[in-house]
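Residues per chain, in single letters:
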Amino acid sequence: MPRRNDGDRGRFTSTALLFIGLISCLIVYAVFFNLLRPRPRDHTLDSAVPFTESGDRGGVDGGGGGGCCRGVGDLELWGPAVKWGTDFKFDSPGECCKACKAMCSGNGGPCLCDSWVFCGNKEACGSKFGECWLKKQKDVLVPDRQEGGQKVMWTSGLIFGHGQGIVGFETEHGVLHVKLHPECAPHSVYYILSLLTLRHCAGCQFHRAENRGSYWDSEGNHINNAPYGPPYAMIQGILQPEGNIFTPIPTEHCPTITRGSVAWVGSGPEFFISLANHHEWKQSYTVFGSVLPEDMDVAEKIAGLPTISDVWNSVNVSVLEKPVSLTVRRMKSGQEQSEPGS
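Residues numbered from 1 in each chain as written. Predicted model: local features only at pLDDT ≥ 70, side-chain atom pairs only at ≥ 80, totals over all residues. Heavy atoms only, no water.

In the nomenclature of an unreviewed UniProt entry, the protein is known as PPIase cyclophilin-type domain-containing protein of Eruca vesicaria subsp. sativa.

As structure tokens, this is what we get:
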């Protein structure tokens, strides 16, 4: 009677193990995808996008890895040049970005360069290919720019020095000062800067509050053998003014979530602020800023407000009884505060 030989049996076993492994990965993905996906709302864009480990989609990376240095393609920033690109050339936008970064002392002094412009399209740039223009903006939170578009052959980025690039999320419970990270999440930061031009941000709010419970300590460290929620140690909200059309933001840098991380849920406009170090969430969310440590008590206060239980996409969540409105405000840097008449 015919029977399966040893080679057939081995192939069958390998196929079965591969199938089981695939199912396990899908289950893990589903758990983390549902944990922080946007609350159910009518007439809203679906902000859920496939999570990636590297977060390399969107933006122009410098190639290289350590320490972000990214820009936005098809964008030309203007402003006075501190280094002329005609005699200052590189092979990649990342090298141009790093050259600008090198002009920030890092010891509390002003940045001599806060923006960079690179021409990296060989066909469109012609003789300008590789030009790296380093610039100093009059106001780095309102960068001088040419209207972007497909006809623009330049890639541009911002660099925020010490005390720069800090915006305030104002609430009735206090102000959350957020340091933005344009070198890691340029598309996200440009969107946040656009909110600074609005007098009000009607519709911007926190609507979900999950405290640390007894699972994470006050520094955000997970307690040994404790579950990972609920509660999930985060507050979640939305950054979209009512009546404004939101364009989904591409996935950018996705580091491990730590206490104070400010990140998008999917591609926005839903976002969250983490109250703990969430290594279990892997590298699944674009982080575009971080709350200054001294302001985390404001986030903790919001997380401790009265909530009601709800279920979103089969996940038990805690929703604020009364959403907390927020407005994005410009915060003066230490340098601006010390200027006479300010």
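A. Structural view of the pattern of salt bridges. Summed over the entire model, instances satisfying the criterion amount to six salt bridges. One salt bridge in this structure joins R259 and E300, with 2.8 Å as the shortest N-O distance. Placement of R259 in the loop between β12 (234-238) and β13 (261-264) and of E300 in helix α5 (residues 296-303) is noted, with a sequence separation of 41 residues between them. Via salt bridges that share partners, R212, R259 and E300 belong to a single interconnected network. (Salt bridge = Lys/Arg side-chain N within 4 Å of Asp/Glu carboxyl O. Helix = DSSP H or I, 4+ residues; strand = E, 2+ residues; numbered from the N terminus.)

B. Quick peek at helix α4 (residues 186-195). A large share of α4 lies buried, amounting to eight of its ten residues. Turning to α4, its buried residues number three or more, namely P186, S188, V189, Y190, Y191, I192, L193 and L195. (Buried < 20%, exposed > 50% of the residue type's maximum accessible area, 1.4 Å probe, protein only.)

C. Representation of the confidence of the model for the protein in the model. The predicted model of the protein averages 82 in pLDDT, with 75% of residues at 70 or higher. Note that residues 1-12 has pLDDT below 50 and, in this model, one contact with residues that lie over four places away or in other chains. Within the model, pLDDT remains below 50 along residues 40-66, and this stretch shows 66 contacts once partners closer than five positions in the same chain are excluded. (pLDDT = per-residue confidence, 0-100. Contact = heavy atoms within 4.5 Å.)

D. Just α5, in detail. Every buried residue of α5 is accounted for by M296, V298, A299, I302 and A303. Projection of α5 onto a plane perpendicular to its axis shows the buried side chains occupying an angular sector of 155 degrees, all on one side. (Arc of directions from axis to C-beta.)

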